[in-house]
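# Tertiary structure, described
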Amino acid sequence: MIKKRTDPMVYQPEMEKIDSDIRDKVLKNVDKYDDQKITDSDVEEALKKERLSISDYGALLSPAATPYLEEMAKKAIIETNKHFGNSIGLFTPLYIANYCENNCVYCGFNCKNKIRRGKLSLAEMETELKAIAKTGLKEILILTGESRHHSGVEYIGEGVKLAAEYFATVGIEIYPLNTNEYAYLHNCGADFVSVYQETYDLSRYEQVHLSGPKRVFPYRFEAQERALLGGMRGVSFGALLGLGNFRKDAFATGLHAYFILQKYPHAEISFSTPRLRPFINKADNNPNDVHEKQLLQVMLAYRLLMPFAGITISTRERPGFRDHVIGMVATKISAGVSVGVGGHEQEEKGDEQFEISDPRSVPEVHQMILNRGLQPVYCDYIRV
C-alpha cells in the first residue's frame, strides 16, 4: 500500500502560525508574471527608472533583458558603489551537523541518501572556531542539516554562544524555527538568519520535498518574518536556481524580500544565489537551464530592485565568475570553505552537502579582492 503524502500547505502541530499577508502578495504577483510577454521596450523603460516597480523588476528578469546585461551591469556598479563603496565582506561557513529529517530529492543531506553522518561536540566546535578565527575572519555562518532530533535548538544555541566568543557576526542557516526559538538564538549571539525557499512554485515544491517538516511550504516561507519578530538583525533570501523556473523563482525571491522590508524597514536584507550542484550519489544534479549569464542576470536584477541589499556569492560558483561579480553586484564572498561537518582544523566528521567549485583559502581570496582594486572587510559590525 502506497502511503499518501501530507498536504504541503498544512502546518504540523508544533509549527507557529503568524498573522501575515506577505505570502499571498508574493504568490499573487508570481501567478500574474509571464516573462514571455515582456518586450524590449518594457526592458528599456525599466532601465530608465531610478527605482524599479514590481513590473520593472519582472522585465529585467525576462529573456527580453538578455541583450541588456551590459547596461544593467553599468547601473548595478553605480548602485553597489553608492551603498557599499569598494568593500567586500568575507566569511566562511561551519557545518556542525549533517543529520536531516527531510527527503528532498536535490540535496546531499537528504535523509534517504547514504552518506556519512556526523555532528560536532562542543569541544570540536571550539577547535574549529579557533582555527577559523586564526585566519582573521570575523564573520561565521553556522549550519546544520534539518534535524531537530540530532541538532536541537539548545545544541545550536551552545554553538552560537561559542561562535560569539570568536566572531563579531554570527549567522545561522538551520531548519526554520518558531519566534521564541529565534529569540533564544538571538540572545545566544546570533545576528542573521538565512532560509531558502528553494522554489516558490508550489506544485514543484511538493514534487521535490517528499517528506519531513520542510514539506510544509508556508511555515518555511514565513521563517524570515518569524526571525525578525524574534529580534534578529538581518535575514537572507534565496531560491535554488534550476530547481524550478528560475526566472519565476528569482522574481518571487525578490518580492519576498521587498515586501518583508516594507513591513520591517529596520531589517538588513540580503540575497544568496545558489544554483543546483552535484552531490554524493547524484553527480548529474546540475541546473541545466541556468548558466552563468542567467545567474548574472538574476544578481543584477536583485541589485537594481534593492540597491542596499547585500548579495553573497558562494563557492558553488567557479573562481573566475566569483572574481568577476564582486564589486559589480556581489558584496560578500565566502573563503576557506568546507561543506562537510567540520574540516577546517580536524578531519571531517560527515560528508559534504554539495561539491564546491572554489577551494581557495582566505589569504588567496583576500589577495584576489585587492588585485581587483577592492577592499576586503573582515568586520563591519560590533556587537554591543
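Residues numbered from 1 in each chain as written. Predicted model: local features only at pLDDT ≥ 70, side-chain atom pairs only at ≥ 80, totals over all residues. Heavy atoms only, no water.

## Regarding helix α6 (residues 153-166)
Over its 14 residues, α6 extends 20 Å from the first C-alpha to the last, a length consistent with the 20 Å expected when each residue adds 1.5 Å. Within the sequence span of α6, burial applies to V153, Y155, I156, G157, G159, V160, L162 and A163. Looking at the buried positions of α6, the neighbouring elements they touch are α5 (122-133), β3 (139-143), β4 (169-173) and α7 (179-188). (Helix = DSSP H or I, 4+ residues; strand = E, 2+ residues; numbered from the N terminus. Expected span 1.5 Å × (residues − 1). Buried < 20%, exposed > 50% of the residue type's maximum accessible area, 1.4 Å probe, protein only. Contact = heavy atoms within 4.5 Å.)

## Focus on the environment of V160
Here V160 shows up in helix α6. Through-space distance from the C-alpha of V160 to that of D358 is 26 Å; in sequence the pair is 198 residues apart. In this structure V160 touches V170, I172, L185, C188, G189 and A190, once residues within four positions along its chain are discounted.

## Topic: the packing of aromatic side chains
What the rule picks out here adds up to eight aromatic pairs. Ring centres 5.9 Å apart and planes at 90° place the aromatic pair Y95 and F109 in the edge-to-face group. One end of the pair, Y95, is in strand β1 (residues 87-95); the other, F109, is in the loop between β2 (103-104) and α5, and 14 residues separate them in sequence. With a centroid separation of 5.5 Å and an interplanar angle of 70°, the aromatic rings of Y258 and F259 are classed as edge-to-face. Here F259 falls in the buried class, since its relative accessible area comes to 7%. An aromatic cluster of three or more residues is present, and its members are Y200, Y205, F217 and F221. It is K119 that lies over the ring of Y155; its NZ or CZ is 4.4 Å from the centre. (Phe/Tyr/Trp six-rings, centres within 6.5 Å; stacked < 30°, edge-to-face > 60°. Lys NZ or Arg CZ within 6 Å of the ring centre and 35° of its normal.)

## Examining the pattern of salt bridges
This model, assessed by the stated rule, comprises 20 salt bridges. A salt bridge links E158 to K161; the nearest nitrogen and oxygen atoms lie 3.1 Å apart. Placement of both E158 and K161 in helix α6 is noted, with a separation of three residues, approximately one turn of the helix. Taking relative accessible area as the criterion, E158 reaches 32% and is therefore assigned partly exposed. Of the charged contacts, one joins K263 and E225 as a salt bridge, the two residues approaching to 2.7 Å between their closest N and O atoms. (Salt bridge = Lys/Arg side-chain N within 4 Å of Asp/Glu carboxyl O.)

All we've got here are geometric facts, nothing functional implied.
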